[in-house]
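What the coordinates show
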Amino acid sequence: MTKDLLATREFTPGAAETIVFLHSSNTAGWMWGEQVPAFGDHHLLVPDLPGYGDNNDREWLSLADSADHVARLIERRAAGGTAHIVGLSLGSSVALELARRHPERVTTLFLASANIAKPGRALVWGGRALLTLWNSPGYWNATGRSYGLAGEDLDLFVKTGAGIRKQTAQRVLAEVTRGVSPDALTAVSAPLVAIAGGKDAAFISRDSLRLLAEILPNARTAIAPGLHHQWNIEDVPLFNAAVREWLTSRSLAGGLEPGPVGAATGR
């Protein structure tokens, strides 16, 4: 691995198609541990984003900078220099920026728990308040349990969280809470599906999916009923089936419900 590339776990090199998994803001690439074995027929690249995990020594600068890092990884390591992108939360934000800035590197987008709409003021202030607890093990334990994590997953979550610099969290929070502009969304041309847990925050499960449907009428949206933000771990079979169905037929897996309808599209 050259120094200019992100530290990345790689599986099944030589497979015909590549999937890149992009993690959420309080984790690292390890969060995809239940997905990696399910997609052994694909070449898999699982990076830690700048400021996280094995790339904690790299400074998080912006979504754009992180997207550029991922694009460089795909160019040099992915089959044919392009990849399917699976992102969750922050990973979805990076994925959208990647598709906007480097469309030639993206085959399809699978966005889970995507932060597209702006959250309400109370949620923004709540996020800032939680930063005051950033170095508290109790904070990380409570947050991990709220995601449905337990055992080794919870231990990894707490360990990873302790290694994320507060400055990184502040920069990420400031950027993702601005939402995604309509101009940025209209610049995304890759086939796209966005799926949110039905019990996730309303600005994700309702507002973000609706905004996406209004601006990109060809995008698919869906709800994973009864699930929360980190639903790749909360319901592993459903998440894996949803990714598989999207990759093979560009359709929605059974067990998902139709997402919000965009007022502008009437879908």
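Residues numbered from 1 in each chain as written. Predicted model: local features only at pLDDT ≥ 70, side-chain atom pairs only at ≥ 80, totals over all residues. Heavy atoms only, no water.

**Looking at the environment of Leu 49**
Worth spelling out the cut-off: A run of H or I in DSSP becomes a helix once it reaches four residues, and a run of E becomes a strand once it reaches two; helices and strands are each numbered from the N terminus.
Tracing the chain through its elements places Leu 49 in the loop between β3 (43–47) and α1 (63–77). On a C-alpha basis, the gap between Leu 49 and Leu 90 in space is 9.7 Å, while along the polypeptide they are 41 residues apart.

**Focus on the pattern of salt bridges**
This is how it is decided: Take a side-chain nitrogen of Lys or Arg and a carboxyl oxygen of Asp or Glu: if they are within 4 Å of each other, that pair is a salt bridge. Each residue is assigned to one of three classes by its accessible area relative to the maximum for its type, calculated with a 1.4 Å probe on protein chains only: buried under 20%, partly exposed between the two thresholds, exposed over 50%.
What the rule picks out here adds up to 11 salt bridges. Close ionic contact of Arg 76 with Asp 4 constitutes a salt bridge, the shortest N to O distance being 2.8 Å. You can see Arg 76 sitting in helix α1 and its partner Asp 4 sitting in the segment before β1 (8–11), a full 72 residues away along the chain. By relative accessible area, Arg 76 is classed as partly exposed at 47%. For Asp 4, a relative accessible area of 31% gives the class partly exposed.

**Some details on the sheet that holds β3**
Heads up, the condition is: We treat two strands as partners when DSSP finds at least two bridges between them.
Here 8 strands make up an open sheet; going across it, the order is β1-β3-β2-β4-β5-β6-β7-β8 and the pairing mixed. In the strand order of this sheet, the two ends are held by β1 and β8 (257–258), each with one partner. As paired elements, strand β2 (residues 18–22) and β3 share 3 bridges and run parallel to each other. What sits directly across from Ile 19, in β3, is Leu 44.

**Looking at the nonpolar core**
Condition: Nonpolar cores were defined as sets of buried Ala, Val, Leu, Ile, Met, Phe, Trp, Tyr and Cys residues, with membership established by side-chain atoms within 4.5 Å. We call two residues in contact when some of their heavy atoms are within 4.5 Å.
Judged by nonpolar contacts, the single largest core of 84 residues is most densely connected at Ile 85, Leu 109, Phe 110, Leu 192 and Trp 231. Not counting residues within four places of it along the chain, the set of residues in contact with Leu 109 comprises Ile 85, Ala 95, Leu 96, Ala 99, Val 188, Ala 190, Pro 191, Leu 192, Val 193 and Trp 246.

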